[in-house]
Amino acid sequence: MQNSTGMLVDAPSLAWVLLGKGLDLYQDGVFILGEDGRFVYVNDAATRALGYRREALLAMGPPDIDPNISREQCLDILQNPHGQAFVIETVHQAQSGDLIPVQVHGVTLQLDGRLFAVSIVRDMTESKRIQAALLQRQQYWRTLLDEFPFFVWLKDEQSRLLAANTAYARVARVASTAELEGRTEFDFFPPDLAEIYVADDKAVMAAGVAHYVEELYVDEHDQRRWMEVWKSPLHEHGKVVGTVGYSRDITDRKHTESELQKALAFAQGVIDAFPDLLFETDRDGRYLNVWTRSPELLALSREAMLGRTLQEVLSPESVAIAEIAYIEAEQTGISLGHVIAVMTPMGMHWFELSVSQMRTTGDARPHFITVSRDVTQRLALQQELTNREHEYRTLVENSPDVIARFDVQFSCRYANPVLLRALGRSSRGALGCSPEALWGVETGAALAQRLAYVIDSKESVEFEQHWIDALGRDICSLVSLTPEVGNDAHVSSILMVGRDISELKAYQDKIHQMAFYDPLTGMPNRVLFNDRLAQMLKDAAYHHYQAGVMVVDLDRFKQINDTMGHAAGDALLKEVAVRLRASVRSYDTVARLGGDEFGILLPQIRAGGDLTRVAGKVLAAFNPSFWLEGREIFVSCSVGIAVYPTDSEVAEELLKYADSAMYSAKRSGRNDFRFYSKDLTVHAQERLTLESDLRRALERGELALYYQPKVLLESGAMVGCEALLRWKHPRLGMVPPDQFIPVAEDSGLINALGAWVLRESCLTAVIWNAAAALPRKVAVNLSVRQIQVPGLIAQVAGILSETGCQPQWLEFEITESLLLDEDGLVVSALQALRDMGITIAIDDFGTGYSALSYLARFPIDTLKIDKSFIHSATTDHFRAELVRAILSIARCLNQVVVAEGVETREQADFLAAEGCQLAQGYLFSPAVPREQLLAFSVTYLVPEGMGFKQPSE
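Reading the values: the criteria
Residues numbered from 1 in each chain as written. Predicted model: local features only at pLDDT ≥ 70, side-chain atom pairs only at ≥ 80, totals over all residues. Heavy atoms only, no water. Helix = DSSP H or I, 4+ residues; strand = E, 2+ residues; numbered from the N terminus. Buried < 20%, exposed > 50% of the residue type's maximum accessible area, 1.4 Å probe, protein only. Contact = heavy atoms within 4.5 Å. Areas by Shrake-Rupley, 256 points an atom, 1.4 Å probe, with all protein chains shown as cover. Arc of directions from axis to C-beta. Expected span 1.5 Å × (residues − 1). Pairing = 2+ DSSP bridges. Axes fitted to C-alpha atoms, helices over the stretch in contact; angles between N-to-C directions. Core = buried A, V, L, I, M, F, W, Y, C linked by side-chain atoms within 4.5 Å. pLDDT = per-residue confidence, 0-100. Patch = residues over 30% accessible without salt bridge, like charges linked within 9 Å, V, L, I, M, F, W, Y side chains within 5 Å. Salt bridge = Lys/Arg side-chain N within 4 Å of Asp/Glu carboxyl O. Left-handed = near helix turned anticlockwise from the far one by under 90°. Nonpolar A, V, L, I, M, F, W, Y, C, P; charged D, E, K, R; others polar. Phe/Tyr/Trp six-rings, centres within 6.5 Å; stacked < 30°, edge-to-face > 60°. Lys NZ or Arg CZ within 6 Å of the ring centre and 35° of its normal.

## Brief notes about the overall build of the chain
Argument step 1. Scanning the chain from terminus to terminus reveals 35 helices and 37 strands.
Argument step 2. Among the 953 residues that make up the chain, the fraction classed as buried is 45%.
Argument step 3. Considering only intrachain contacts with a sequence separation of at least 6, the fraction spanning at least 24 residues in the chain is 53%.
Argument step 4. Of the roughly 48,800 Å² of accessible surface on the chain, a fraction of 54% belongs to carbon and sulfur atoms.

This is the structure:
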């Protein structure tokens, strides 16, 4: 009999009814098996789970719904002792045919001598799914950690290993990570190191915070190496139950003392160490996880990407490429090298994908780990490299140089068009050819020999290669061979670059000539002279010879250049070079040092007399006249001589000493020679110091003008004065004009000084003539250098206008040397000054070199008799006659005569008796400052005892 509860009973029973009602409320399936092997009870949950009606199930037994159990096994279970429980993991097949994983919990019962088995069946589908997912996640982390090159582990409170990755197992030298569980570092590492590791564990657990250290470890080769270690406390329900840590080898970093980023946490820290993006996706391309330390490289935020598919994040083109990578990873386990484009907040970026399939169990679909590396910059560099290679090829193809590449067997692998044209070959006709086949036997063999040297030495070489091109022209190339080293550190090829220097070689001799020889005279220049001087001193020192150095300088060469022109000067220098060469021995050196200065080297001198004779021959070579542009010119020279080793053993000093001696010869009157002495050097140094001080004297106010009155010998009336420049040196005191005026002329300072003197003199003339009844002249000395500078006339006119000085108050005094002018420059300048109303006087007349005819040719108003004539005129009859002659010439030419240096009444009386108009000297007044000149209270300067006849006022 069957009641509403689904239980077959022979008679009504309240207990059975109540039990059936309660079991129908149970959520798991409940089956009661009778001793005949069929179900005698099933609850509602069982019918819902299997999809059968209750009546159908009560006609079945366990074999009808469980393919894993037989009727015999069911009967065996019923025979178990009363109350014995059993658990079975199996599957039930529903009416639909679906297999449902179940867990059967049962117990055997005896009731009234009958056998029953009561089973509670729990559907394990969801549990199995969760277990599979958990297993998959564990496998993912195991795959991830085992791929890390780090050591990763988990320990309990006693530092026993709970888990570790394969890297740790390899260092511990065990076959698998399972062998590590439950063991400590003392089982794998030296005790001293194990003690450190355990102590670190304890410190981390005690502190409750992560700990970073650098420690030694022993690798699988028994080598002690450095590693950096991160350890963190492992918490469970708020309690520290162990440590988790990882470490990695930093031996190389320790060796190079570079620092790496520290303080990484175990999981996120390892991932953060990746510079790339890391994704976990399923087979549908759905993002399951995203790791990155550069979120700006993501197409979307991490939160927005999770759960979305590739199709929702990437462009269709990138999705298609990613799909190919997934298929490859499914088939081979890994896919590398595919590149996709992703639009990021930073713009379009390109990423290289490395996809690895995660291994799963059962029928679970695969997951993928994808490393996405930003290769935007690399692709840009590759494109830049491609562009550069294109530019390089364009440059090489269009280069005027010959360019070729040879392999290590000396075979040509490339030749640019210039070389092919020169060789008369096509591009294919040159490939594979040897140097001998391309350039001929002799040239090619030499090139092959150098190629072999480059391969052996791995060093570049440069050399000149002479060859004949396809047109039969002789070519000289400057060839550079550069080794190209491959990844194996061996030379893989040699680059040849050759520049045609045929034209350069043609000029090389000319350049050498220009570098070491004077282009005008063809003689050695200063560079070659110095080289030969150094060699001469070496030879003289070795053979214990004396040697001489001469410096020859033409006298007044600049005057010839300025008056006759540079062409005439060049012609003179050429002829001088010929005469000097003829004056010395064949093995002596004659060089042009610059301008009109020549140098002579005289090796193997036995005595000083030899140098004297040579110097005499040099001077004598200038005795014959020179013909320049059809005119006969006489030129002299000054010679300075220094002797090795007497004067010095240093080349520079010998040349300097000879130069000093030459200037000494010039100061002594020119047309002479001098040997060096120490005094010359001292004098030269003093002269340099004087020049330097003179340049600053004007701005420091150290210069002043003194004025020496000129008087009429007939009456003593002051009719003028001569402006004389004085220099009060702060250290040397008053410096005589004959010391600093030549320095000013040689250094070019005379023009600035002359302008200042003229301006001050004009100001004095204006003041002095303001209340004078008759005009008074201020005489200013005019240097040769001043009159040679263009613009003198304009300068004088400007100063006269600026100061208000009348031209008739001014007189220029010149020396007789100016009268040697032949090209009319001086005549024109003096005439222009005279036309302005300024008078011209010749100073120190009678001591120069001019001819008397010059007095008629030049616009001269006044002759100043030199004081050397005046001082002895009253005691020397010859001197007195010379003074009378000068006075006579002046009267004939209607020129005024001024006697300089009058110091006695006898001299004044003599001059007055001979008809001399004017005089100046200490008899009347020394040179005085402007204030004293203007302070003279009388118009007449009458020396004591002299009875001048003065005109009435």
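## Section: helix 26 (residues 737-747)
Argument step 1. Within the span of helix 26, buried status applies to Phe740, Val743 and Ala744. For helix 26, the angular spread of buried residues about the axis comes to 100 degrees, placing them on one side. Across from the buried face of helix 26, at angles greater than 90 degrees, the exposed residues are Asp738 and Asp746.
Argument step 2. Where helix 26 ends, the next residue or the one after it, Gly748, has phi of about 90 degrees, a positive value.

## A short note on helix 8 (residues 191-207)
Working note: α-helix, 3.6 residues per turn, so residues spaced by three or four point in the same direction.
Argument step 1. Taking 1.5 Å of rise per residue, 17 residues should cover 24 Å, and helix 8 covers 24 Å from first to last C-alpha, within 8% of that figure.
Argument step 2. Those residues of helix 8 not exposed but buried are Leu193, Ala194, Tyr197, Val198, Asp200, Asp201, Val204 and Met205. Buried residues of helix 8 fall within an arc of 155 degrees about the axis and therefore sit on the same side. Opposite the buried face of helix 8, at more than 90 degrees from it, the exposed residues are Pro191, Glu195, Lys202, Ala206 and Ala207.
Argument step 3. In the segment just after helix 8, Gly208 is the residue with positive phi, at about 75 degrees.

## Regarding the sheet that holds strand 20 (residues 491-500)
Argument step 1. Ordered by their spatial adjacency, five strands build an open sheet running 17-16-20-19-18, and the pairing between neighbours is antiparallel. What marks the edges here is a single partner per strand, and that holds for strand 17 (412-415) and strand 18 (461-468). In this sheet, adjacent strand axes meet at a mean angle of 25 degrees when their direction is disregarded.
Argument step 2. Taken together, the eight bridges between strand 18 and strand 19 (residues 474-485) define a ladder with antiparallel strand orientation. Within strand 19, the position partnered with Glu462 by the bridge is Ser480.

## Some details on the nonpolar core
Argument step 1. Ranked by size, the top nonpolar core spans 73 residues in total, and within it Leu694, Phe812, Val902 and Leu911 carry the most contacts.
Argument step 2. Here the element with the most residues in this core is helix 27 (residues 750-768); it accounts for eight residues.
Argument step 3. Ignoring anything within four residues of it in the chain, the contact list for Leu911 reads Leu713, Ile870, Val883, Ala899, Val902 and Cys916.
Argument step 4. If you look at the next biggest cluster of nonpolar residues, it comprises 35 residues, including Val576, Ile605, Ala621 and Val635.

## Section: the confidence of the model for the chain
Argument step 1. Confidence in the prediction of the chain, expressed as mean pLDDT, is 84, and 88% of residues score 70 or more.
Argument step 2. In the predicted structure, residues 258-265 sits below a pLDDT of 50 and forms 21 contacts with residues beyond four places in sequence or in another chain.

## Some remarks on the environment of Val479
Argument step 1. Tracing the backbone through its elements, the reader meets Val479 in strand 19.
Argument step 2. Distance from Val479 to His466, taken between C-alpha atoms, is 10.0 Å for residues 13 residues apart in sequence.
Argument step 3. The residues touching Val479, leaving out its near neighbours within four places in the chain, are Val461, Glu462, Phe463, Gln465, Met496, Val497 and Gly498.

## Focus on a nonpolar patch on the surface
Argument step 1. Together, Met343, Met348 and Trp350 make up a nonpolar patch on the protein surface, roughly 290 Å² of accessible area in all.
Argument step 2. Take Met343: it is sitting in strand 13 (residues 334-344).

## What about the packing of helix 20 (residues 526-543) against helix 24 (residues 651-667)?
Argument step 1. The contact between helix 20 and helix 24 brings their axes to 10 Å, and the two run at 115 degrees. Where helix 20 crosses over helix 24, the two elements pack in a sense that is right-handed. Residues Arg526, Phe529, Asn530, Leu533 and Leu537 of helix 20 pack against Ala651, Leu654 and Leu655 of helix 24.
Argument step 2. Its residues placed into classes, the contact of helix 20 with helix 24 shows six nonpolar, one polar and one charged.

## Re the sheet that holds strand 4 (residues 99-111)
Argument step 1. Overall, antiparallel pairing links the five strands, which are arranged 2-1-5-4-3 in an open sheet. Strand pairing shows two members of the sheet lacking a second neighbour, strand 2 (39-42) and strand 3 (85-93), which therefore form its edges. Direction aside, the axes of adjacent strands within the sheet are offset by 25 degrees on average.
Argument step 2. Across five bridges, strand 1 (residues 29-33) lies against strand 5 (residues 114-123) in antiparallel orientation.

## Quick word on the pattern of salt bridges
Argument step 1. Under the counting rule described, the total for this entry stands at 44 salt bridges.
Argument step 2. A salt bridge links Glu228 to Arg248; its shortest N-O distance comes to 2.4 Å. With Glu228 in strand 9 (residues 224-236) and Arg248 in strand 10 (residues 239-249), this pair connects stretches of sequence that are 20 residues apart. Just as Glu228 is buried, Arg248 falls in that class too.
Argument step 3. Notably, a salt bridge pairs Glu352 with Arg378, separated by 3.2 Å at the nearest N-O pair. A residue pair is termed long-range when its members are at least 10 positions apart, and Glu352 in strand 14 (residues 347-358) and Arg378 in helix 14 (residues 376-398) qualify at 26 residues.
Argument step 4. Under the relative-accessibility criterion, Arg378 is labelled partly exposed at 36%.

## Side note on the packing of aromatic side chains
Argument step 1. Throughout the structure, instances matching the rule amount to 15 aromatic pairs.
Argument step 2. Between Trp153 and Tyr168, the ring centres sit 5.7 Å apart and the planes meet at 55 degrees, which makes this aromatic pair tilted. Taken together, the positions of Trp153 in strand 6 (residues 151-156) and Tyr168 in helix 7 (residues 166-172) put the pair 15 residues apart, joining distant regions of the chain. With respect to class, Trp153 is no different from Tyr168; both count as buried.
Argument step 3. Here Tyr168 and Phe189 contribute two aromatic rings whose centre-to-centre distance is 6.3 Å and whose plane-to-plane angle is 85 degrees, an arrangement assigned as edge-to-face. Note that Tyr168 is positioned in helix 7 and Phe189 in the loop between helix 7 and helix 8, a separation of 21 residues in sequence.
Argument step 4. Its relative accessible area of 5% is what places Tyr168 among the buried residues.
Argument step 5. Phe189 gets classed as buried once you look at its relative accessible area, which sits at 9%.
Argument step 6. Among the aromatic side chains, those forming a connected cluster through ring pairs are Trp153, Tyr168, Phe188, Phe189 and Tyr197.
Argument step 7. When the ring centre of Phe463 is taken as origin, the NZ or CZ atom of Arg450, which lies over that ring, is 4.1 Å away.

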